[in-house]
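For reference, the chains in residue letters:
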Amino acid sequence: MTTPFPSATIVGYPRIGAQRELKRAVEGFWAGRLDETELTEVARDLRLASYRRLAELGLTEDASIPASFSFYDQVLDTTWLLGALPPRFEGAAGLAGYFLLARGEGGTAPLEMTKWFNTNYHYLVPEIGPDTPISLAHTTPVDLFVEAREAGLVVRPQLVGPLTYLLLSKPAVEGYRPLDRLDEVTSVYAELLVRLAEAGAPWVQLDEPGLTSDNLGLSSAEIAGLAERVYQRLGSVAGRPQLLVTTPYGEATEGLAALAQTPVEAIHADLVHGQAPAPLADKTLVAGLISGRNIWRADLEAKLAWLQAQPGAVSVATSTSLQHVPYSVAGEEWDHPHLKSWLAFAEEKVAEVVTLARGRNGEDISAELAAASQALATRAADAGVKVPAIRQRTASLQPADREREDYSIRQAAQAEKLQLPLLPTTTIGSFPQTGEIRQARAAHARGELSTADYEDRLRQEIRDVIHLQEKLDIDVLVHGEPERNDMVQYFAELLDGFEVTKNGWVQSYGSRCTRPSILWGDVSRPEPMTVRWSTYAQSVTDRPVKGMLTGPVTILAWSFVRDDLALGEVADQVGLALRDEVSDLEAAGIGVIQVDEPALRELLPLRREDQDAYLEWSVGSFRVATSGVEAQTQIHTHLCYSEFGDVIDAIDALGADVTSLEAARSHMEVLPALEATGFSRQIGPGIYDIHSPRVPEVSELSELLSEAVAAVPADRLWVNPDCGLKTRTYAQVEPSLHNMVAAAKEVRAHQ
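Bear in mind that the values here come from a model prediction, so they are computed numbers and not experimental data.

*Asks:* Which parts of the structure should I look at to understand the UniProt feature "binding site: L-methionine" (unreviewed entry) in the protein chain?
*Replies:* The feature "binding site: L-methionine" (unreviewed entry), as given by UniProt, occupies Ile-428, Gly-429, Ser-430, Glu-481 and Asp-596 in the numbering adopted here. A compact arrangement is adopted by the annotated residues: their sequence extent is 169 residues, whereas the largest C-alpha distance between any two is 13.5 Å. Lining residues of the largest cavity drawn from the annotated set just named are Ile-428, Gly-429, Ser-430, Glu-481 and Asp-596. Relative to the assigned elements, Ile-428 resides in the loop between α14 (407-418) and α15 (435-445). A relative accessible area of 5% places Ile-428 in the buried class. Beyond its immediate stretch of four places on either side in the chain, Ile-428 contacts Lys-546, Met-548, Gln-594, Asp-596, His-638, Ser-660, Asn-720, Pro-721, Asp-722, Cys-723 and Gly-724. Along the chain, Asp-596 falls in strand β18 (residues 592-596). Residues contacting Asp-596, with those up to four places away along its chain left out, are Ile-428, Met-487, Met-548, Leu-549, Thr-550, Gly-551, Thr-554, Thr-637 and His-638.

This is how it looks when you write it as C-alpha cells:
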C-alpha cells in the first residue's frame with residue numbers, strides 16, 4: 001500500500017527556533033554550560049514543537065512535513081552520515097566531534113565554508129579523495145523519523161541528494177574528482193532507504209539543487225545524465241520508501257527531464273526561479289509556487305489559476321526551503337500602516353501553500369484570495385514605493401558617473417599621501433562586539449540609557465579599539481563599528497525605503513543568525529550615516545582610519561528586496577545613496593574608504609547564460625557608489641566566502657584600489673586565479689580565518705603570506721584577516737592580530 005503524496009507541503013523549514021533556542025543551546029554546549037544530553041533534549045523538543053506547529057498551520061497529511069533539522073548544516077550532516085571525514089578528524093565522535101569539523105580546534109583546521117548556491121546561507125565543504133571513508137556511519141535520519149512517529153507525527157526524512165553532495169565537494173587530493181565516488185555514495189543512500197522503509201517512512205526527500213546550475217564543473221546535460229543514473233539505481237531499491245527529488249534555487253530543465261525517466265514518484269520544480277517542466281506522466285509534480293527566499297505576499301489568484309490549468313497529480317509547495325525567511329510576521333510592528341499586510345514569513349507562507357492546495361481541491365478560498373489581492377493593490381499604490389525624484393536620479397546616470405582616473409594616477413597619488421610600508425597591515429572593519437556594548441545598545445533602545453551616555457560609551461570603545469591597533473602596530477586602522485548591530489541593518493535603519501524587524505532572524509551558518517532588512521520602496525539617504533564616527537576615530541590617531549560602508553549589492557543580497565522593480569535599478573538607487581556618503585567622508589578628511597561587497601558572488605545566477613547581465617549591473621552599482629572621489633582617496637572593497645575564480649574578472653572590474661578576499665580557510669585557492677588574470681591593483685588575500693575560534697601561529701600565517709607573495713608582487717599585497725572580527729572575542733583576536741603583524745614583518749624583512 002502506497003501513501004499518496006500530500007496535496008500541500010514545504011521543502012524545508014527554519015531550524016534555529018522562533019526565539020533562537022537552538023542557537024543558544026549550541027553555543028551553551030560549546031561554552032560548556034550544557035552537556036551533550038542536555039543539548040540533545042533541547043533539539044528534540046524544538047523539532048517536535050516545529051512539527052506540531054506546522055500541523056496546526058494545516059500540514060496534516062502524512063509526510064507533508066519535512067524533517068529538516070540540523071545542529072549546524074545539512075551538508076555537514078551528510079558528511080557525518082557518510083563518515084566521510086578527512087584524516088585530521090580521525091577519531092571524532094559525538095556532537096563534540098561533529099562540531100570539530102565545523103569550528104576546528106588548536107592545530108586542527110575546520111572544513112572550508114562557502115555560500116550555498118545563490119543564498120546567504122553557508123555550508124561546510126566536504127573534502128573527498130580516493131581514500132576518504134564512505135559508509136553508513138550512523139542512522140540519525142531513521143532515528144528522527146522514529147522520534148516523530150512515536151510523538152504521533154509521520155514526517156518526511158530529508159537529505160542532501162548524493163549528486164549535489166559530491167558536486168559541492170572539493171578534492172582532498174589535487175586533481176581528484178569527487179564524483180568518482182558517486183556509485184559508492186549512492187550505495188550508502190540505498191542502504192539508508194532500506195532502513196527508513198523498515199522504520200515505516202512512506203516518503204523520503206532528496207534535495208538536488210545541483211541540477212539547477214551549470215557552474216559546478218559540468219554542463220547541465222552532464223549533471224542531468226548523472227542524476228538519471230543515480231535515481232534509476234535508487235528507484236530500483238526493493239521495498240524502498242517513495243521518493244521526492246527536489247530542484248530548488250533555479251531552472252532545472254534538463255534535470256527535470258532526466259528525473260522524469262526514473263522510477264521516482266514525485267519531482268519538485270522551483271516555479272519562482274524556474275519554469276514548469278513538461279508533463280511528468282505518472283509522477284506527482286510538486287510545484288514550488290510560493291517563494292522560500294523572499295517575504296512578499298503571493299498573488300494567490302494568479303497561482304491558483306495556474307494550478308487549476310495543470311493536468312495530472314500536482315502538489316503545492318514552496319520553491320525552496322523556508323530556512324531563508326524568518327518564522328512569522330506575528331509580533332512585528334512598523335510605523336508604516338500597510339507594510340505588515342504585504343508580507344509573508346515562514347508561517348504565513350505555509351498558510352499560502354495550504355490555501356492554494358485547498359483551492360486546487362475545490363474548496364472555497366475566495367476570502368483569502370480577496371485579502372491577498374487587496375494587499376497587492378495597496379502595495380502598488382503606496383507613495384514610498386515609487387518616488388519620482390529618485391527614479392529621475394537613477395535615469396540620469398551617465399557612463400562617466402561610473403569611472404575614475406586611470407589606476408596609475410590613483411596609485412601614485414595615494415602612495416604619496418598615505419606613505420605605507422611594504423605589505424601594509426589592516427583589518428576588515430568590525431572588532432568584537434562585547435557584551436557591554438550589546439547591553440548598552442539594548443538599554444538605549446529601551447530608553448533606559450540616554451543618547452548622550454550611549455554615545456559616550458561608543459566613543460570610549462572606539463578609542464580603545466584605535467589604541468589596541470596602535471599597540472599591535474597595524475598600519476591602516478578601523479574604528480571597530482561598535483555602533484552597528486549588523487553591517488546591513490545599520491544602513492537600513494538610516495536609509496529611506498527600508499524597514500527592519502524585531503525578531504526576523506534567519507540562519508546564516510551554524511549558530512550565526514542575521515536579521516535581513518526589508519527593502520520595500522525607493523531608496524535615498526536623508527543625512528550622513530557614518531561620518532561622525534569615522535572622523536572621531538581619525539581624530540584620536542595619526543594613522544589612517546578607514547571609513548566603512550556596505551556596498552549596494554551586499555545591501556540587496558542581505559535584505560529582503562522588493563520584487564516589483566529590476567534589481568539593477570534598485571542597486572543604482574542604493575549606489576547613489578552610498579555615493580553621497582562616500583563624498584561626505586572624503587570631504588571630512590577620510591582618505592581611505594572601504595565599500596564591502598562580500599555578496600558579489602552570492603547573487604551570481606546559477607546559469608552561465610544569465611551571469612553577464614547580473615555582473616554588468618552589480619559592478620555598475622559599485623562603481624556608482626565609489627567613482628565620485630579624487631585620485632588620492634583610496635577605495636577598498638572586501639569579499640568573503642565564495643568561489644572567487646568564477647567572478648575574478650568582475651572583481652577586477654569593480655576598480656577598487658585595494659581588494660581584500662577570504663583566502664585562509666580555503667587555503668589560498670584564489671591565488672591561481674589572481675595569477676591567471678594578472679590582477680593589476682592591490683590585493684589582500686586573508687591569512688587569518690576569523691570563523692574559527694583558534695589562534696593561528698606566526699609560522700602558519702607567514703606560510704600563507706609567503707604563498708601570496710609568490711603569486712602576487714609584494715608591492716601590491718596587503719595583510720589582513722579573512723573577514724570582520726565582530727563574532728570573535730578579544731582573547732582570540734588580540735593574539736591573532738599580534739601574530740598576523742609579526743608574520744607581515746617577518747615576510748617583509750625578506751623582500
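Having seen it, we continue.
*Asks:* Explain the nonpolar core to me, please; I cannot follow it from the model alone.
*Replies:* One broad rule of soluble globular proteins: the nonpolar side chains tend to lie buried together. Within the largest apolar cluster, 107 residues are counted, with the highest numbers of intra-cluster contacts made by Leu-163, Leu-234, Leu-343 and Val-350. Among the elements that line this core, the one with the most residues is helix α7 (residues 182-199), at nine residues. Sequence-distant contacts of Val-350, defined by excluding residues within four places in its chain, comprise Ile-10, Tyr-13, Leu-54, Leu-57, Leu-59 and Leu-322. Phe-491, Ala-492, Leu-674 and Leu-717 belong to the second largest nonpolar core, which has 101 residues in total.

*Asks:* Where do I start with a negative patch on the surface in this structure?
*Replies:* Together, Asp-35, Glu-36, Glu-38 and Glu-41 make up a region of like negative charge exposed at the surface. In this structure, Glu-41 sits in helix α2 (residues 36-56). Looking at Glu-41, the relative accessible area reads 47%, which means it is partly exposed.

*Asks:* What should I look at first to understand empty space enclosed by the protein in this one?
*Replies:* Empty space among the atoms becomes visible once a probe the size of a water molecule is rolled across them. Counted according to the given criterion, the structure contains six cavities of 30 Å³ or more. Put simply, the largest cavity is a space of about 560 Å³. Mapped by element, the contributors of at least two residues to the lining of the largest cavity are β13 (506-509), β14 (512-514) and β16 (546-550). Looking at the lining of the largest cavity, the element that brings in the most residues is β16, giving three residues. Its residues placed into classes, the lining of the largest cavity shows 13 nonpolar, 13 polar and seven charged. Considering only enclosed or pocket space, the second largest cavity measures out at about 110 Å³ in volume. Elements with a minimum of two residues in the lining of the second largest cavity: α2 and β1 (66-67). Looking at the lining of the second largest cavity element by element, the count peaks at five residues for α2. Looking at side-chain class alone, the lining of the second largest cavity contains nine nonpolar, two polar and two charged residues.

*Asks:* For this particular structure, what's the right way to read the sheet that holds strand β19 (residues 634-639)?
*Replies:* Read from one edge of the open sheet, five strands run β16-β18-β19-β20-β21, paired in parallel fashion. Bordering the open sheet on either side are β16 and β21 (682-685), each of which pairs with just one other strand. If you compare each strand with its neighbour and ignore which way they point, the axes differ by 20° on average. Relative to β19, β18 runs parallel, the two sharing three bridges. In the sheet register, Gln-594 faces β19, and the bridge partner there is His-636.

*Asks:* What should I look at first to understand the UniProt feature "active site" (unreviewed entry) in the protein chain in this one?
*Replies:* As recorded in UniProt, the feature "active site" (unreviewed entry) lies at His-691. Summarising the element assignment, His-691 is placed in the loop between β21 and α24 (698-711). Of the residues examined, His-691 reaches a relative accessible area of 14% and is grouped as buried. A polar atom in the side chain of His-691 sits 3.5 Å from the side chain of Tyr-509.

What counts and how
- For every chain, the first residue of the written sequence is number 1, and numbering continues from 1 along that sequence.
- Under the rules for a predicted model, residues below a pLDDT of 70 receive no local features and side-chain atom pairs below 80 are neither given nor counted, while totals for whole chains, interfaces and linings still include all residues.
- As a convention, hydrogens and water are excluded, and side-chain values are obtained from all of the structure's heavy atoms.
- UniProt positions are given in the numbering used here, feature names are shortened, and annotations may be inferred rather than shown by experiment.
- Using only the protein atoms, space was sampled on a 1 Å grid; points where a 1.4 Å probe fits but cannot get out form cavities, open sets with protein on both sides within 12 Å along at least five of seven lines form pockets, and lining residues are those with an atom within 4 Å of a point.
- Segments assigned H or I by DSSP are reported as helices when at least four residues long, segments assigned E as strands when at least two residues long, and all are numbered from the N terminus.
- Burial classes: relative accessible area under 20% of the type maximum marks a residue as buried, over 50% as exposed, and values in between as partly exposed (1.4 Å probe, protein chains only).
- Residue contacts are counted whenever heavy atoms from the two residues lie within 4.5 Å of one another.
- Among the buried residues, those of types Ala, Val, Leu, Ile, Met, Phe, Trp, Tyr and Cys that are joined through side-chain atoms within 4.5 Å form a nonpolar core.
- Within the patch definition used here, like charges are joined within 9 Å and nonpolar side chains (Val, Leu, Ile, Met, Phe, Trp, Tyr) within 5 Å, considering only residues with over 30% relative accessible area and no salt bridge.
- Accessible surface is estimated by sampling points in the Shrake-Rupley manner with a 1.4 Å probe; for residues, cover comes only from the protein chains shown.
- Counted as salt bridges are all cases of a side-chain nitrogen of Lys or Arg within 4 Å of a carboxyl oxygen of Asp or Glu.
- Under the counting rule used here, the positive set is Lys and Arg, the negative set is Asp and Glu, and His together with the chain ends is not counted.
- By convention, charge coordinates are those of NZ in Lys, CZ in Arg, CG in Asp, or CD in Glu.
- Grid points are joined across faces, edges and corners, and a volume is the space filled by probe spheres set on the points.
- Put simply, Ala, Val, Leu, Ile, Met, Phe, Trp, Tyr, Cys and Pro go in the nonpolar bin, Asp, Glu, Lys and Arg in the charged bin, and everything else, Gly too, in the polar bin.
- When DSSP finds at least two bridges between two strands, those strands are taken to pair.
- Working convention: axes come from line fits to C-alpha atoms, limited for helices to the stretch in contact. Angles between N-to-C directions cover 0 to 180 degrees.
- Under this definition, polar contacts are N or O atom pairs within 3.5 Å; protein pairs additionally need one hydrogen-donor-capable and one acceptor-capable atom, and for neighbouring residues in sequence, both atoms have to be side-chain atoms.

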